[in-house]
Each structure stands twice: as structure tokens, then as C-alpha cells.
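Topology and contacts: notes
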Amino acid sequence: MEFFKIKRDIPFMKRALVFNAVSFITFLAAVFFLFQRGLHLSVEFTGGTLMEVSYSQPADLATVRQQIATLGLSDVQVQNFGTARDVMIRMPAVKGQSSAQQSEQVMQALRQADANAQLRRTEFVGPQVGDELAIDGLKALAFVVVGIMIYLAMRFEWKFAVAAIIANLHDVVIILGFFAFFQWEFSLPVLAAVLAVLGYSVNESVVIFDRIRENFRRYRKMDTVQIIDNAITSTISRTIITHGCTQLMVLSMLLFGGATLHYFALALTIGICFGIYSSVFVAAAIAMWLGIRREDLIKHTASKAEGSSDDPNSGAVV
Amino acid sequence: MNRYPIWKYAIILVALWVGSVYTLPNFFGEAPAVQVSAGKSSVKVNADVQARVEAALQAAGLQPDAITSEGASLKVRFDSTEAQLKAKDAIQHALSSDAGQSSYVVALNLLSRSPSWLSALGAAPMYLGLDLRGGVHFMLQVDMDAVLTKKAESLAGDIRTALREKNVRHTGINRVGQTIDIRFRDATMQEAALRVLQDQFADLQATASTDGAEQKLVAVIRPEAARRVQAQAVKQNITTLHNRINELGVAEPVIQQQGVDRIVVQLPGVQDTAKAKDILGRTATLEVRMVDESAEARAAEFGTAAVPFGDERYLDRNGQGVVVKKQVILTGENLTDAQPGFDNQTQEAAVHLTLDAKGSRIFKDVTRENVGKRMAILLFEKGKGEVVTAPVIRGEIGGGRVQISGHMSTVEANDTALLLRAGSLAAPMEIIEERTIGPSLGAENIAKGFDSVTWGFIAVTAFMCVYYMLFGVFSSVALAVNLLLLVAVLSMLQATLTLPGMAAMALVLGMAIDANVLINERVREELRNGAAPQSAIHAGYDRAWATILDSNVTTLIAGLALLAFGSGPVRGFAVVHCLGILTSMFSAVFFSRGLVNLWYGRQKKLKNVSIGTVWRG
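Presented here is an overview of the structure given in this document. (Residues numbered from 1 in each chain as written. Chains lettered and ligands numbered in written order. Predicted model: local features only at pLDDT ≥ 70, side-chain atom pairs only at ≥ 80, totals over all residues.)

Right, let's get into the overall build of chain B. Check the secondary structure of chain B and you find 16 helices and 22 strands. In terms of C-alpha radius of gyration, chain B reaches 34 Å, well past the compact-globule figure of 25 Å for 617 residues. Counting only C-alpha atoms and orienting by the principal axes, one finds that chain B spans roughly 110 × 70 × 40 Å. Counting the 617 residues in chain B, one finds 45% classified as buried. (Helix = DSSP H or I, 4+ residues; strand = E, 2+ residues; numbered from the N terminus. Rg over C-alpha atoms; globule rule 2.2 N^0.38 Å. Buried ≥ 20, exposed ≤ 12 C-beta atoms within 10 Å, placed from the backbone.)

As C-alpha cells, this is what we get:
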């Protein structure tokens, strides 16, 4: 089986301006929604109490809200979690009252109405922890960005490092934009997914950059645009198959992983889709505009290329 | 050119064997068990205890599946939960026969059903996190400022005693925040006091100053001493938590310090979460202080006048005010035991306290010097003080035996005794993070995680086999080996597996296949360009390797960042993610090459490679 029988290099770079415009507009939209709506942060970040209560029959959210309202707690959110029988309740932290007291109070009220209500999970996070988590998240993001840039600058060249990071940070912002637009819950696992996506889609750009380097070495007569087009064309098959496979796994998580993994899988899905787009259409284009040249790459690896006389493919080049 | 030397195959075989052995325990499941461990450092779980346990079980007519003694605990395995519960009662009864109080912790636990030869190899199933097995997780923050304030308070008391011994007259010693102010009428006394402080209080840094007509010494705790005091306080709190949890009877509690001032407590499998929260969350400390009986203080008791300087007002159980001095005579640190009981005369519920040597001496001195005066016993819970009782001292109390009584119910007496016996906390703590996961939710999470991995795996391997034919089969086998090795490494390291960890497992499998796709695509490309099959395979692996390495390193950087800065669920994800990337490098490149070499490498005149369609443009 073969999905990709591409005879001639696709002139991706001709349309580079259009692709970049598209991603710039998406990026701006994401930033706009991030500022306009903000992220719907989970209890882990905001501090507060979260309870998961399971009923034997589908629960009526309106009555549950009413029961809790009688306790005089304010800003309580009640929603279904996964199934109609599971209810998730989020409450902001109340001063002078421990979460144990709070959750017990709520449970008592709920049990009065329905004796079958069962507390499945509670989570309480103090406000000081929430701030720390947000800071740690940003630190992790900075670490990833700096680490990857240093590695790419060492293995390739700084222009590639900059191009890869810009392309992939734009993925991250777009994922966040989706979460802001749909007001999906942004929790710690989602943060993990976002950072994993960052590593994953950089790896995508790396594959293409690797090919660009190799092409610079092999096809001495091609100009930079042709080389990039050829590199993208010859790797597009693996790009799509790999992402397809990863997406199969993520899809399985989305289908079978339940409500806990739902947003995690969703973040990965968006990340994978935009990862393809950004590494194929955006990263290489940025690298091109930053002015990558044959000399940038060859001087680093010249000795290595010449030295590999046992390379069986030296003759395979047509 | 596509041949592996024998030693490379040997490495593969060893890796597969080790991987299988360490993965195996995960398939046996877990059986209900009762675990006996020492509740105090002075007792040991030895053969003697084992004999008593066996005898108790025999008497109860229970047949255990296995009894294993490992380290400081004894584990008895049963085939049903019913037998487990009966056995727990029987063992508890047998071990606590002496004096009604047990020095052993008897707890319910789950034990791997894997055969003994596996356990002998040190192979154990993966360690499941709380979200998979159910339980309670707490993060507590120790109030470090309070530690220093308390230390300053006790130092102020010590200075008072020291100055009196040396006949240094002062006009007042006060603790202001975390510093101690000492006032004098003249400079000679100030100098004498400074010498005393320098000689006897190495932890303090004193500076002399003049405040109007008065001479003054301001003493602060030295930074290094402050750090030491704080570290000790956290340590003592951990010990105290250990004791309290032992009272609860939890099989494998985790109590760890995190950072400078935080303590993480995890109680897997705890069903009665409310009770656990109650016992842990309560931060009861006991203090003995003198009641101020001056006229102003009496007035302040009824709230009609301001509380005099150096005093504090607390309420007793009936809501009546009691004005006590700030100076603390004794704290819970000097307590060795607390037992619930009844007052001999009034038959009221009471708590009997036993003090240590230092506590007994202080108590004796204080009671002798203050006959006829009132002494208050205060219990501080969650930062709020309450006067349990404030009796009049009738005479000197020696021997270190004290009784607290006063309007307590039997339950209250029991709880108070438990809290006091479990030790006092050196510093107040606050729960800043809490997670409770019901056991049914844990089981469901395991099933969900397992389903995600299984179906994702099936889908990916099915696609690979169809698209790349035999090479796809090799890739799929390599992917299976990756999973095997990952589970083996997780079992070996006993790293905590959580639901995000299972998600990472699925994700890492989806990402690991990338290496094989790269290789297979490269081999196809070489074939398309007209290379001979053998050299196409060789070139495909060689050329893909640099790319695989680069892409894995970048992914690993992200994984390490998560590991370094993540907490809780993120860390669980990161551990599996990083390990999975490492195992995938072995399986996807080294192992799959081995398979290919074994299959194709010996055929000298290889004409065809089964790698799906190779079209020619």
C-alpha cells in the first residue's frame, strides 16, 4: 500500500507567504480569545474544592444546584462529568473553613435528597499552590524552549532553532486559543499535553531540517527554495503516517480514556493537527526567510560527510 | 552487511528475558492481605510475632494463602476479602492482649499474587498511584514563622531563669515577634546580662541599645540556628504524622518532606477518608500555663476590661473566658503518654497524662511554688486555643502523672488522648492540597487507561502491518517490545503509575512508531531510487538514525522539563514519557534491526523485500 505517489517536488515555498499569513491570522485569533475570554483554569490553578459525586440515576443538575445553594456557598459550579450520573462540583476556597468541612457539608446536603449519592473524589488546592503551579508551568515552558533551541543550534544552526521554536510556540498558543474559545477546562494534565506537543512537533521540524541539511550536501546545484521543497516533499509521507499513528493512539484515549483524559487527548489532537501544519508550512518558510545557506550547514559537517566513505548510498544518488 | 554479531543478539535476548521477568508480576493481580508492622521503634516484628499471628489465625479457623515476612513487616495473604477482615480482627486482638494497647499496626493491604520465585528476584508489580488504587493525598504546609515565634517564646523563658540564677536584675523580658527585648535600669546589669547571653545562648545574637532612660538588649535568633530549628520542626511534624497514621492503621503510608516547609502524606486504600482527614488535619498541641489572678486579669476574664500586658484570653468549654500568662510552662513535647479514662472521684471522662523526666521536674516545681493558684491546660487546634481545664493547684504534684478532666464526653476524651498520644506538632500545619479518590473510581481509571493503551496499540499495529507488510510486522513486534520494556522498567524502578502515566504510555507508543515509520519510509525511498534490497535496508536504518536521535532528544528535553518543574499528575506523566522515549530508542532501532537482520541478513541474493508498495516514478 502506498498513499503518496508524488512524482515532482511540490512547490511549497512558492506559497510560503500565504501559509504564513494563514498561521499568523490563526495565531492572532488565538491570542485575541486568550485575552478576551481567558483560560477556564481548573481548581489546581485557581485554588478551591472539586467534588465528583455519582448517583444511581441520571442526576438533575438544577436540583443539585439548589441543594448546594441552601448551604450559602457562593460561586459554585455544577456540571456533568463524563456520564449523566456523575456530577462535578467546583467551589472556591472559603476562608476559615477546611475543604474537609466544606465537602462534608455538601455531601450531607446531597445525601439528604438522594441517599444513593456517592462521593467518588475530592480535590482541594490552596490558593498558594495554584500560583506556584502556574509559575512552574511557565518555568517548564521556558526550559523546553531554551533547551530545544540550544540543542538545535548545536546540531544545526541558530536560524533553524529560531524557526522551529517560533513555528511550534505558535502551535502552543493556538491550542491555548482553542481552550479559551471553547472554555474547555485547562488542568495540569492539559499543561503536560501542551508541553509534550511542543516536544513532539519540534521533532517534526527536526525531521524536515535533517532532510534540508542532507539535500544541501547531496544536490549541489539546487537553490535553497528547491532544496526545501524537495525536503518537504520527500518527508511528507512519513510526516502524515507518523501523525496518523500518534493520532490513532490519541483517538483511542479520547474514546476510551473517560472524562479525566478527555481534555488531555483533545489538546493532543489539536496539537498534532497544527503540528503538521506548522512544521511543514511554517518552520521551513521562516528558516528560508532567516536566510539559511548551504555554507551554514556544510561547514559544521564537512569533515563528517567526507569521512563517511563506507556510506553505501554514495553511489545511489542519481 | 545486515548481520548482527552474536553479542548483539545476546543483548537483545537478555533484555527480552529481563523485561519478561519484571513484567510478569503485573499479570498475577493482587490478593487481600493483612499487614502487621511495628507501631513503635522499640518493638520488632520477628519470628515470635509470626508465631503469635499464626496461632491466632488457627484459633480463628482461618487458613492463610501465604505468610511473608519482609523487612519490618509481616504480610499474611488470603483468598477472600471476608477472610481478610476476620483475620485482621483476630490478629489485632491477639497482638493487643497486653494492657489493651497495641504496639503493632495491623492494617488491610493488597499483596501481589505472583509466585515466590518472582518475588525472590525482586520483581514486583508496578506501584499504582492514588488515582488508580484509591486513597487520600494531602500536602501540608508547616508554618515556619510560628516555629520561630515559639522558639523565641521558649528562649525568653530560659533567659528569665538564667538571669535569675545569675542574679541579674532586669525590668522586663518580652517577646516581640521573633525578637526578645530585655530592659534594664542600669548599664552594669545590661553588661552582665549580655555576658550571660553570650555564654549560655549560642543561638541568640544580642545587641545593646539605649531607649530613653532605659538600657535595652535586643536578642534575635541567629539565621543558622533559625534554619536548624525550622528543619527540626518539620522533622518532628513528620514523626508526629507517622505516629498519628500508625494509629489509623494504614498499610503503606507515604510521608515525605517536599521542599523546605512542606509535607506530603499519601494514604493508599484508605476507605474512611473523613476520619483520616480529621485525625491528620487536626493540629492539636497541648500547653500548660498559669492563670493570671491579678485584679485586672479577673476583670478581663469577664470581658469588662482590656487583657493585661503579657497575658492572653482564651475561652473554656463552657464559653467562659480565662486569662492566662503568655509564658508556657510545658508543651506536648514533654508528654510521653495519654490515655482516656475516668476521674476517680467524679466518674467524669478524663485523659490521663504521663510526663517525661524534664516535664515531671518542671511540673513538680511549678505546682510546689504555686499552691492555691490556678493552672490552665490548653489545647490548640487549628491555631485556636481552648482551655480544657483550669483547676486550682491543691499541692505539689510529683511523679509526672497528670489528669485532665472537665466537661468532656467519653468520645472527646478518646479523641483528645489519641491526638495527644500521637504526639504534638512542633509547628502548626495547614492542608494546602488534598485529593481523595474512591476505590471504585481507581479501578475504573485502571480499566480506562488499559483500554486506551490496548485499542490504540491494536489500531497502530494493524495499520503498520497492512501498510508496510513484513516490515510493519517487525515494527509492531518492536512496539510490543517497547511496551514490555517500559512496563518492566516501571516495575523495576517502582515508579508510581498514575492515570496521566498510562496516558503517557499510550502517547509514547504512538510517538515511538515514528522511528519505525522513518526507517521504513527511508528503506522504501532507497528501493525506489534503485538500491539493491540489502543496501536499501542498511541505508534506511543508517540514515534514519540521525533523524531519530535528533527528534528523540528534543522530545526528551520536553519530558525532562515536565519532570523538573511538574508536580503531581504532571510528574506521573513525565516519568513514563521520558522512560518510554529511552526504551523506544532501543526497541525501535536496535531491536527491530535485529529482527530484520535475522530474517533478511543471511540471504545473499535477496531480490525482494516485503515492505509494501514501492512505486517507481
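Quick look at the nonpolar core now. Ranked by size, the top nonpolar core spans 226 residues in total, and within it V194(A), L195(A), A267(A), A503(B), L509(B) and L562(B) carry the most contacts. Non-local contacts of L509(B), meaning those with residues more than four positions away in its chain, are made with M249(A), G456(B), F457(B), V460(B), L479(B), N482(B) and L483(B). Of all hydrophobic cores here, the second largest spans 31 residues; its members include A338(B), L353(B), I377(B) and L379(B). (Core = buried A, V, L, I, M, F, W, Y, C linked by C-beta atoms within 7 Å. Contact = placed C-beta atoms within 7 Å.)

Below, the discussion takes up the packing of helix α7 (residues 188-218) of chain A against helix α16 (residues 569-600) of chain B. Two elements in contact, α7(A) and α16(B), have axes separated by 8 Å at closest approach and are oriented at 35°. Considering the relative orientation of α7(A) and α16(B), their crossing is right-handed. Note on element contacts: α16(B) touches α7(A) through P569(B), V570(B), F573(B) and H577(B), opposite L188(A), P189(A), L191(A), A192(A) and A196(A). (Axes fitted to C-alpha atoms, helices over the stretch in contact; angles between N-to-C directions. Left-handed = near helix turned anticlockwise from the far one by under 90°.)

This next bit is on the interface of chain B and chain A. Across the contact, 68 residues belong to chain B and 65 residues belong to chain A. Contributions of two or more residues to the side of chain B that touches chain A are made by α9 (273-281), β21 (429-437), α13 (439-493), α14 (499-528), α15 (533-565) and α16 of chain B. Ranked by the residues each element gives to the side of chain B that touches chain A, the list is headed by α15(B), at 17 residues. Taken together, the residues of the side of chain B that touches chain A sort by class into 35 nonpolar, 22 polar and eleven charged. Pairing between strand β5 (residues 118-125) of chain A and β21(B): five bridges, direction antiparallel. Residue E123(A) lies in a different strand from β21(B), and its bridge partner there is R435(B). (Nonpolar A, V, L, I, M, F, W, Y, C, P; charged D, E, K, R; others polar. Pairing = 2+ DSSP bridges.)

Okay, the sheet that holds strand β4 (residues 104-112) of chain B next. Residue and element names in this part refer to chain B. The antiparallel open sheet is built from four strands, whose spatial order is β2-β3-β1-β4. Since the sheet does not close on itself, it has two edges, and those belong to β2 (66-70) and β4, each with one partner. With direction set aside, neighbouring strand axes in the sheet form an average angle of 25°. Judged from the nine bridges that link them, strand β1 (residues 30-38) and β4 form a sheet pairing that is antiparallel. Each bridged residue has a counterpart across the sheet, and for V34 the counterpart in β4 is L108. Contacts from helix α2 (residues 47-59) reach β1, β2 and β3 (73-77), with the element oriented near 25° to β3.

This brings us to the sheet that holds strand β8 (residues 179-184) of chain B. Residues and elements named next belong to chain B. The strand order across the open sheet built from four strands is β7-β8-β10-β9, with neighbouring strands paired in antiparallel fashion. Looking at which strands have only one partner, the edges of the open sheet turn out to be β7 (172-176) and β9 (204-211). Strand-to-strand twist across the sheet, computed as the mean angle between neighbouring axes with direction ignored, equals 20°. One ladder, built from six bridges, connects β8 with strand β10 (residues 214-221); its direction is antiparallel. Bridged to T179 within β10 is V220. The strands touched by helix α7 (residues 187-200) within the sheet are β8, β9 and β10, with β10 carrying the most contacts at an inclination of about 15°.

In this section: the packing of helix α5 (residues 127-155) of chain A against α15(B). Across the interface, α5(A) lies against α15(B) with an axial gap of 9 Å and an inter-helix angle of 155°. In terms of their interaxial angle, α5(A) and α15(B) are classed as roughly antiparallel. Relative to α15(B), the crossing made by α5(A) is right-handed. Judged by residue contacts, D136(A), K139(A), A140(A), F143(A), V144(A), G147(A), I148(A), Y151(A) and R155(A) of α5(A) engage D550(B), V553(B), T554(B), I557(B), A558(B), A561(B), L562(B), A564(B) and F565(B) from α15(B). The residue makeup of the contact of α5(A) with α15(B), split by class, is twelve nonpolar, two polar and four charged. (Parallel < 35°, antiparallel > 145°, perpendicular 65-115°, else oblique.)

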